[in-house]
Amino acid sequence: MGIFDIIGPVMVGPSSSHTAGAARIGQTARAILGEPVKEARITLYGSFAKTGKGHGTDRALAAGLMGYSPDSGTIRDALNIAKEKGIDISFYLSEEDMGHPNVARIEAYGIHGAHVVVVGRSLGGGRIMVTNIDGYDVEITGEEYTLLTRHYDKPGVVAKVCEELAKEKINISTMRLFRKGKGSDAVMIIHTDQPVPPAVAEKVKNSNENITYVMALDII
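Per an unreviewed UniProt entry, the recorded name for the protein chain is L-serine deaminase, and the organism is Dialister succinatiphilus YIT 11850. The heading Pathway (unreviewed entry) in the UniProt record of the protein chain holds the text "Carbohydrate biosynthesis; gluconeogenesis."

This is the structure we're talking about:
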């Protein structure tokens, strides 16, 4: 346990889980979308739904989606700023049990046509975990450099991705593979010691015909 696990993150309050964590979920969703947000539909579950408004969860999520960090004073007026920027953000409350008290589902649309659905949970102390992207179960905390691939579950894909990273002297710390079934759609989450530059991510995508999408997250 580190010192920030004890005293909490640098943030705009009042809550590390409902405010700082929510802002980081929004930030991560924006990074996964890969472009500025034009529209977002956000569903809140559990404690987020019951007490989130009083804790500024809605404002924090909006701020994160615009790229602001948990310690930004912008959080307090994020909803108005979003309106001024022409960003349409709507909120919905759900009583569905998502298996965790602080969960948000963000369906985001980008200014250039990108679309993504991200489900994230706030773990306390400003820590988060993204648990689902576009229907794929994943585990992304945003605390490590992360490379995500979508591909068809075929022999040689994993080896090719590792080869391209090795060429650039990017070291892999952990790797997990999620697939919908043998030989079907799959997602690979790779955590690295160094950030993966966009040019390298593009090389990874072009390294194998079975790789359909590559995204590098650099939001530590």
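**Examining unusual backbone geometry**
In this model, Asp134 sits at a positive phi of 50°, which is unusual for a non-glycine residue. Here Asp134 lies in the loop between strand S5 (127–133) and strand S6 (136–140). Judged by its relative accessible area of 25%, Asp134 falls in the partly exposed class.

**Details of the nonpolar core**
If you look at the biggest cluster of nonpolar residues, it comprises 42 residues, and the most contacted ones within it are Ile32, Ile42, Leu61, Ile106, Ile133, Val138 and Ile140. Top element by residues in this core is helix H2 (residues 16–33). It accounts for six residues. If you count residues domain by domain, this core takes at least three from each of domain 1 (10–138) and domain 2 (144–215). Excluding anything up to four places from it in sequence, Leu61 contacts Ala22, Ala23, Ile25, Gly26, Ile42, Leu44, Phe91, Ala104 and Ile106. Counting 13 residues, the second largest nonpolar core, distinct from the first, contains Leu147, Met188, Ala201 and Val204.

**Side note on helix H6 (residues 157–167)**
The complete set of buried residues in H6 reads Val157, Val161, Glu164 and Leu165. Down the axis of H6, the buried set is contained in an arc of 100°. They therefore lie on one face. The outward face of H6, more than 90 degrees from its buried face, is lined by the exposed residues Ala159, Ala166 and Lys167. Of the surrounding elements, those touching the buried residues of H6 are strand S7 (145–152), strand S8 (172–179), strand S9 (185–192), helix H7 (198–206) and strand S10 (211–217). Downstream of H6 by one or two residues, Lys169 has phi in the positive range, about 60°.

Definitions and limits used
- Residues numbered from 1 in each chain as written.
- Predicted model: local features only at pLDDT ≥ 70, side-chain atom pairs only at ≥ 80, totals over all residues.
- Heavy atoms only, no water.
- UniProt positions renumbered as here; feature names shortened; annotations may be inferred.
- Helix = DSSP H or I, 4+ residues; strand = E, 2+ residues; numbered from the N terminus.
- Buried < 20%, exposed > 50% of the residue type's maximum accessible area, 1.4 Å probe, protein only.
- Core = buried A, V, L, I, M, F, W, Y, C linked by side-chain atoms within 4.5 Å.
- Domains from an automatic or database assignment.
- Contact = heavy atoms within 4.5 Å.
- Arc of directions from axis to C-beta.

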